[in-house]
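One letter stands for each residue in the lines below.
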Amino acid sequence: MKRKFALLSLCATVAAVGVTPLAATAADNYPNHAIRVIVPFAPGGSTDIVTRIVTREMGEILGQPMVVENKAGAGGAIGAAEAARAKPDGYTLSIATISTLAVNPACRPDDLPYKPLEDFIPVTNFANLPNVIEVNPKFPAANFKEFVAELKKNPGTYTYGSSGTCSVLHLFGEAFKQSTDTDVIHVPYRGAGPAVTDAVGGQINIMFDNLPSSMAQIQGGNLRAMAISWPERLALLPDVPTLAEEGYPELNSPAWYGLLAPKGTPDAIVQKLHAAAAEALKKPAVIEALAKQGASPSGNTPEEFGKEIKEQFDWAAEVVTKGGISLE
């Protein structure tokens, strides 16, 4: 009996103190092979561009490649769901966007195949990006005030494109309508790229977009930027005002793209990933590459990024409820 009690005591002791050294060893050896990073959208969009810029440098710092895998579909839900089911060992990570962690749960509260605030651990926000309101050059407005006045004068006449129904760009457009009390017809597309193309071609009048995927068209004169959501005017677009300048601070929040680990990933691994990301985001080459996309590096703490996620989660729920928006 005494031997049995001693054995149980030994097992309890090992369970109590043995986990930490094992976890520390796993973190010390991490990473020892390639890390998979799921981008829940198609190649070439803002999410993909920012991810590749930052993870390329992170891989150099960590000593193992970070391999981007695009898993598009259902507004990012397909990729996010796969990432949520991944083994929490630090070798399958994913990219967080407002679409996957805020808009999808607002639009699909009953059938979303993952829990955005429970199934992931925030690592860091890679970068903030401005949103932009842009028009076809033939639109009869030279500035934002004229733009809003034209919409008010002709309700239900003009169309705007987004990357899909219940996408973050759709909600940006609907939030704009709610704030400005205007009536513009939404035209959903399968991604921002096709919508931008049709805005350039004049098939739609207006586009609500993340700046990176429209920057080349704006700089080329194929689209005219009316306003951006950013704390201050951009050096790349000095003549384009912020939405706060124009009297709409509630629309002035930027988009962001950050790194997530599955729930249960050891904190030591999360901290190692955060440190690598923070270091990468201070590299001049990374800062310059992001700046060319109109993006600004963040590298905030997991706790700070978690707060940003919750704020956007609440914002999306409010816009969807007020606008009566659904995927139906």
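Structure's up top.
Since this is a predicted model, take the numbers as computed values, not measurements. (Residues numbered from 1 in each chain as written. Predicted model: local features only at pLDDT ≥ 70, side-chain atom pairs only at ≥ 80, totals over all residues. Heavy atoms only, no water.)

**Student:** What am I meant to see in the pattern of salt bridges here?
**Tutor:** Pairs can form between side chains of opposite charge once their charged atoms are near each other. Under the defined criterion, the tally for this structure stands at 13 salt bridges. E245 serves as the salt-bridge partner of R233, at 3.0 Å between the closest nitrogen and oxygen. A residue pair is termed long-range when its members are at least 10 positions apart, and R233 in the loop between strand 9 (224–229) and strand 10 (255–262) and E245 in the loop between strand 9 and strand 10 qualify at 12 residues. Classification of E245 by relative accessible area gives partly exposed; the value is 44%. In this structure, E288 engages K292 in a salt bridge whose closest nitrogen and oxygen atoms are separated by 3.9 Å. Note that E288 and K292 are positioned in helix 11 (residues 284–292) at a spacing of 4 residues, about one turn of the helix. Overlapping salt bridges bring together R36, E69, K71 and E82 as one network. (Salt bridge = Lys/Arg side-chain N within 4 Å of Asp/Glu carboxyl O. Helix = DSSP H or I, 4+ residues; strand = E, 2+ residues; numbered from the N terminus. Buried < 20%, exposed > 50% of the residue type's maximum accessible area, 1.4 Å probe, protein only.)

**Student:** Would you take a moment to explain the sheet that holds strand 1 (residues 35–39) for this structure?
**Tutor:** Think of a sheet as strands paired side by side through backbone hydrogen bonds, with each pair either parallel or antiparallel. Strand order in the open sheet formed by 6 strands is 2-1-3-10-4-11, with mixed pairing between adjacent strands. Each edge of the sheet is formed by a strand with only one pairing partner; in this case those strands are strand 2 (66–70) and strand 11 (296–297). Across 8 bridges, strand 4 (residues 120–129) lies against strand 10 in antiparallel orientation. The residue of strand 10 that forms the bridge with F120 is P262. Sheet strands in contact with helix 5 (residues 98–107) are strand 3 (92–97), strand 4 and strand 10, and its direction is about 60 degrees off that of strand 3. (Pairing = 2+ DSSP bridges. Contact = heavy atoms within 4.5 Å. Axes fitted to C-alpha atoms, helices over the stretch in contact; angles between N-to-C directions.)

**Student:** Teacher, can you tell me more about the pairing of strand 7 (residues 185–188) here?
**Tutor:** Two faces belong to every sheet, and in a regular strand the side chains alternate between them. Bridge analysis of strand 6 (residues 159–162) against strand 7 gives 4 bridges, and the strand direction is parallel. Within strand 7, the position partnered with Y160 by the bridge is H186. With helix 7 (residues 168–180) bridging strand 6 and the parallel strand 7, this β-α-β connection has right-handed handedness. (Right-handed = clockwise from strand over helix to strand, strands pointing away.)

**Student:** Could you clarify how one ought to interpret the packing of aromatic side chains in this entry?
**Tutor:** In this description, an aromatic ring pair is defined by two values, namely the gap between the centres and the angle between the planes. Following the criterion strictly, the structure yields 12 aromatic pairs and no others. Ring geometry for W256 versus F305: centroids 5.3 Å apart, planes at 85 degrees, classification edge-to-face. Of this pair, W256 sits in strand 10 while F305 sits in helix 12 (residues 302–323), and the two are 49 residues apart along the sequence. Overall, W256 belongs to the buried group, its relative accessible area being 4%. (Phe/Tyr/Trp six-rings, centres within 6.5 Å; stacked < 30°, edge-to-face > 60°.)

**Student:** Got a minute to help me understand the pairing of strand 4 in this structure?
**Tutor:** Among the 10 residues in strand 4, 9 count as buried, and that is most of the element. Direction of pairing for strand 4 relative to strand 11: antiparallel, over a ladder of 2 bridges. Pairing of N128 across the sheet is with S296, part of strand 11.

**Student:** Quick question: what am I supposed to make of the nonpolar core here?
**Tutor:** Burial of nonpolar side chains together is a common tendency in soluble globular proteins. If you look at the biggest cluster of nonpolar residues, it comprises 67 residues, and the most contacted ones within it are I133, F144, F147, F176 and I206. Once residues within four sequence positions are removed from consideration, I206 is found in contact with I133, E134, V135, F139, F147, L151, Y158, T159, Y160, G161 and V184. (Core = buried A, V, L, I, M, F, W, Y, C linked by side-chain atoms within 4.5 Å.)

**Student:** Can you help me understand helix 5 in this one?
**Tutor:** For an α-helix, the turn length of 3.6 residues means that residues three or four places apart are oriented alike. Burial within helix 5 is extensive, with 10 of its 10 residues counted as buried. Within the sequence span of helix 5, burial applies to I98, S99, T100, L101, A102, V103, N104, P105, A106 and C107. Here helix 5 starts with a cap whose side-chain oxygen sits 3.2 Å from the backbone nitrogen of S99, and that cap is T97. (Polar contact = N/O pair within 3.5 Å; in protein donor to acceptor, adjacent residues only side chain to side chain.)

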